[in-house]
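Structure at a glance
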Amino acid sequence: EEASGLAASINNPGYFWTINDSGNPAEVFLIDDHAKIKLVCKLTNATNRDWEEIRISRDKGKNYLYVGDIGDNKAEYNLKLIYRFEEPQLTNANEMIIEDIDTLILKMPDGRRDTESIMIDPLTNDLYLLSKREDSIRLYLKQYPFLSDTLILDKMLTMPFHNIVSADISADGQEVLMKNYDKIFYWKKSGEESISQLLEKEPI
């Protein structure tokens, strides 16, 4: 109905994971490169309040999907949720029930904010969120591992961009892309700097 977020599958090369935006069932879709649905994963004990982003990351030899219930158009939610579960493998079935789900509960350190972008650093598994609506967006970090019940994000940077709706880190951890409605911004590491240090620099 309203695809929001895209992640290249690792377990199913050549396929992509995507989700629906707010108000739709708690389902994750595996699609091919013509956007044809190959598998529907139905998440139990999850609700699509305002899903905005999906990411994939490797942890302890397994691949995990992160589904971000992080949107907040009216700044009305005190907490954000990220559903984390092991990446499914495509079979002959066209539907799958996902029951083994970790729910990460996130709280912003500076009030309610609309967010649509998740990044996961493949080198550290640290999790980043980006605010959307401010004239100068904010970058937030939660370092891995995620130990407490409610994870308080750390504000790392204020960045001179507006309406960032998606962002990602390359699989080797060396490059970052962000997009708003008009442009794509690109950074590449020149050394051993962190993601936060990299994003202090001017992008292409």
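Residues numbered from 1 in each chain as written. Predicted model: local features only at pLDDT ≥ 70, side-chain atom pairs only at ≥ 80, totals over all residues. Heavy atoms only, no water.

As for the pattern of salt bridges
Between side chains of opposite charge, a pair can form when the charged atoms approach closely. Scanning all chains against the criterion turns up 13 salt bridges. Residue Glu27 pairs with Lys42 through a salt bridge whose shortest N-O separation is 2.6 Å. Of the two residues, Glu27 is situated in strand β3 (residues 27-31) and Lys42 in strand β4 (residues 37-43); the sequence distance between them amounts to 15 residues. What makes Glu27 buried here is its relative accessible area of 14%. (Salt bridge = Lys/Arg side-chain N within 4 Å of Asp/Glu carboxyl O. Helix = DSSP H or I, 4+ residues; strand = E, 2+ residues; numbered from the N terminus. Buried < 20%, exposed > 50% of the residue type's maximum accessible area, 1.4 Å probe, protein only.)

Some words on the packing of aromatic side chains
This model, assessed by the stated rule, comprises 4 aromatic pairs. Taken together, a centroid distance of 6.2 Å and an interplanar angle of 55 degrees make the contact between Trp51 and Tyr83 tilted. Of this pair, Trp51 sits in strand β5 (residues 51-59) while Tyr83 is found in strand β7 (residues 80-86), placing the two residues 32 residues apart along the sequence. A relative accessible area of 4% places Tyr83 in the buried class. One cation-aromatic arrangement involves Arg84 over Tyr64; the distance from NZ or CZ to the ring centre is 3.9 Å. (Phe/Tyr/Trp six-rings, centres within 6.5 Å; stacked < 30°, edge-to-face > 60°. Lys NZ or Arg CZ within 6 Å of the ring centre and 35° of its normal.)

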